[in-house]
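Commentary on secondary and tertiary structure
Here is what each chain is made of, one letter per residue.
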Amino acid sequence: MSSETQVPSLSRRGVLLVIASPSGAGKSTLSRNLLETDKEISLSVSVTTRERRPSEIEGVHYNFISRRRFEGMREAGELLEWAEVHGNFYGTPREPVEKAMAEGRDVLFDIDYQGTLQLYQSLRSDIASVFILPPSADELKARLERRADTGADAIRKRLSNARIEITHWSDYDYVLVNDDLNASFATLQSILAAERAKRFRQDRLAPLIATLDRGLADLTR
Ligand code: ADP
Ligand code: 5GP
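Residues numbered from 1 in each chain as written. Chains lettered and ligands numbered in written order. Predicted model: local features only at pLDDT ≥ 70, side-chain atom pairs only at ≥ 80, totals over all residues. Heavy atoms only, no water.

Our next topic: the packing of aromatic side chains. Scanning the model with the defined rule gives six aromatic pairs in all. Plain terms: the ring middles of Phe-70 and Trp-82 are 6.4 Å apart, the flat faces sit at 75 degrees to each other, and that makes the pair edge-to-face. One end of the pair, Phe-70, is in helix H2 (residues 67-75); the other, Trp-82, is in strand S5 (residues 79-85), and 12 residues separate them in sequence. When its relative accessible area of 31% is taken as the criterion, Trp-82 is described as partly exposed. Ring centres of Phe-70 and Phe-89 lie 5.5 Å apart, and the angle between their planes is 45 degrees; this geometry places the pair in the tilted category. You can see Phe-70 sitting in helix H2 and its partner Phe-89 sitting in strand S6 (residues 88-93), a full 19 residues away along the chain. In terms of burial, Phe-70 and Phe-89 fall into one category: buried. Within the aromatic cluster, the residues linked to one another by ring pairs are Tyr-62, Phe-64 and Tyr-90. (Phe/Tyr/Trp six-rings, centres within 6.5 Å; stacked < 30°, edge-to-face > 60°. Helix = DSSP H or I, 4+ residues; strand = E, 2+ residues; numbered from the N terminus. Buried < 20%, exposed > 50% of the residue type's maximum accessible area, 1.4 Å probe, protein only.)

Here it is, written out as structure tokens:
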């Protein structure tokens, strides 16, 4: 290959992928699969004032901080968005997201609709948002029961919350009915692949276009 026809290395603008669902619909499973199989995307680790659950790891699932520290971060403008959910505060630290974007890396967000709407205000074109629905109410209940990390009362509460959460489906770019897990995961991967290929994200294509043009000119001289 002549130096003239070599393809320059490409970089692109990162995708900010927001995934939301009523509890039990499969958001964690799909997110985990994506993070495990796709090395170009990493999770935005939120800060929260809620108690750590035994299964959670500090710095991996959340950074668990005091209410006072949360307010300090909020006042200092260190949060890209924040919300109160079920009496606890949650927020997205600004710096890691801005760093990932500057480096053309993708970021996955597990945030609620209030946070999603805030991100839309400042970063709409960078965001692709996906809402995950269960195939039926009975199946949602069955999944919450199978997961077995909550008692009957908590399951009832989550099902009741799901009625509210589902009303926000129309705030999202994509809606995925998570019936068959493999099919849903394939669709999620396709969404991400299509978002990565969007022309505006490939704003550094100009050198490739120029190289192609030189190569084609050589071939047709
Ligand atoms: P969420 O993060 O939305 O609360 P999870 O990902 O924890 O939900 O999924 C809830 C339960 O349902 C888990 O036990 C998970 O293994 C199971 N699950 C997820 N997707 C499917 C699916 N498509 N079919 C059957 N079970 C599923
Ligand atoms: P949980 O306490 O079960 O981990 O999360 C409760 C809810 O808070 C979920 O809907 C989750 O998506 C949302 N959440 C987690 N982190 C953030 C965040 O940084 N910002 C916002 N707005 N919501 C969050």
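Still more to cover.
With that settled, consider the side chain of Thr-49. Note on placement: Thr-49 falls in the loop between strand S3 (46-48) and strand S4 (62-64). A polar contact of 2.9 Å, which involves the side chain of Thr-49, links it to the backbone nitrogen of Phe-89. Once residues lying within four places of it in the same chain are set aside, the contact partners of Thr-49 are Ile-65, Ser-66, Arg-67, Phe-70, Asn-88 and Phe-89. (Polar contact = N/O pair within 3.5 Å; in protein donor to acceptor, adjacent residues only side chain to side chain. Contact = heavy atoms within 4.5 Å.)

Let us now look at the site of ligand 1. Within the structure, ligand 1 sits among 17 residues, and Gly-24, Ser-28, Thr-29, Arg-147 and Asn-178 are positioned closest to it. At 2.4 Å from an oxygen atom of ligand 1 is found a side-chain nitrogen or oxygen belonging to Ser-28. A distance of 2.5 Å separates an oxygen atom of ligand 1 from a polar side-chain atom of Thr-29. In isolation ligand 1 exposes 570 Å². Once the protein is present, 79% of that is buried. Of all the elements, helix H5 (residues 137-147) adds the most residues to the shell around ligand 1, at four residues. Classifying every residue of the shell around ligand 1 by side-chain character gives three nonpolar, seven polar and seven charged. (Near = heavy atom within 4 Å. Areas by Shrake-Rupley, 256 points an atom, 1.4 Å probe, with all protein chains shown as cover. Nonpolar A, V, L, I, M, F, W, Y, C, P; charged D, E, K, R; others polar.)

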